[in-house]
Amino acid sequence: ETRGYGKTLLCDAGDFFQTGVDLIAQPFVWNSSDWLYFGGTLGSTAALFLADEAVRDFALRNQSKTLDAIFSIDGWITGARSLILPSAVYLYGFLARNRSVRSVGLKSAEALIYATAITTVLKITIGRYRPYNNKGNLKFEPFSISTSKLSLPSGHATAAFALATVFASAYDNLYWEVFCYGAASAIALARVYHDKHWLSDIFLGSVIGYSVGKFVVNRKSTAFQFGSVKISPYFSGASLGVFARF
């Protein structure tokens, strides 16, 4: 931590950019296990369609003041609020010049932002009606930007599990991991309780958040290698760009 604050910010910005490049390129370098995981996720999401209506009915029949209070937890991760925790952790690590804490803040922000971006694209592309529309779980209107038609996947579940995965990986402690994933699960289930999402929505959102979080945590390279081409961010004074080696 001998770098100046300005250079530290540039390096972290480069890491953020490179993580996005690596993430976008992942499908091109997936192996058979990765494709099996991808297929299993899609298959499981489709299978949960069979349980969507029953789970929704159960949630609507079991409303109470106690559960209202418990499931109000999803309000803590709505919109820009989801950035409060990673921003606070990063800022503390940055000002205190604590590399490990700053890294957790940066990685949690990367996981949150990129996982949410993936989910947002899918939401708009799929255009699934939310349960409160009372049109059933098989009503779709692709490429819609109406909030009532952005059900699949769940953005709250995505954000919750993206953050939980990074923070759970920061400390090797079973109780800490249970707390992180327990909180994420409560947030995800709250969306069904509030009739905002189907069960299949929160499953797919949770898998996206967890997968991106794991990718960010386990990412070691500083440049993406595709065949003979290595791509990495480039900074020089006031200039920035992409540097490719062939």
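Below or above, wherever it landed, is the structure these notes cover.

So, about the pattern of salt bridges. Applying the stated criterion across every chain, the model contains 8 salt bridges. Residue Arg219 is joined to Asp22 by a salt bridge in which the shortest nitrogen-to-oxygen separation is 2.8 Å. With Arg219 in the loop between helix H8 (199-218) and strand S1 (224-226) and Asp22 in helix H1 (residues 5-25), this pair connects stretches of sequence that are 197 residues apart. Asp22 shares its class with Arg219; the two are buried. Notably, a salt bridge pairs Asp52 with Arg128, separated by 2.8 Å at the nearest N-O pair. Taken together, the positions of Asp52 in helix H2 (residues 32-61) and Arg128 in the loop between helix H5 (99-126) and helix H6 (155-170) put the pair 76 residues apart, joining distant regions of the chain. Using a relative accessible area of 0% as the deciding quantity, one classes Arg128 as buried. When salt bridges that share partners are traced, they join Asp15, Asp22 and Arg219 into one network.

In this structure, His156 sits in helix H6. Within the local environment of His156, its side chain forms a polar contact with the side chain of Thr78, the two groups lying 3.2 Å apart. Sequence-distant contacts of His156, that is, excluding residues within four places in its chain, are made with Asp74, Ile77, Thr78, Ile187 and Arg191.

Next up on the list: the packing of H1 against H5. Remark: H1 packs on H5, axes separated minimally by 11 Å, with the N-to-C direction vectors making an angle of 35°. The hand of the H1/H5 crossing is right-handed. Touching Thr8, Asp12, Asp15, Phe16, Phe17, Thr19, Gly20 and Leu23 of H1 are Arg102, Leu106, Glu110, Ile113, Tyr114 and Ile118, all from H5. Residue composition of the contact of H1 with H5, grouped by class: 7 nonpolar, 3 polar and 4 charged.

Cut-offs and rules
Residues numbered from 1 in each chain as written. Predicted model: local features only at pLDDT ≥ 70, side-chain atom pairs only at ≥ 80, totals over all residues. Heavy atoms only, no water. Salt bridge = Lys/Arg side-chain N within 4 Å of Asp/Glu carboxyl O. Helix = DSSP H or I, 4+ residues; strand = E, 2+ residues; numbered from the N terminus. Buried < 20%, exposed > 50% of the residue type's maximum accessible area, 1.4 Å probe, protein only. Polar contact = N/O pair within 3.5 Å; in protein donor to acceptor, adjacent residues only side chain to side chain. Contact = heavy atoms within 4.5 Å. Axes fitted to C-alpha atoms, helices over the stretch in contact; angles between N-to-C directions. Left-handed = near helix turned anticlockwise from the far one by under 90°. Nonpolar A, V, L, I, M, F, W, Y, C, P; charged D, E, K, R; others polar.

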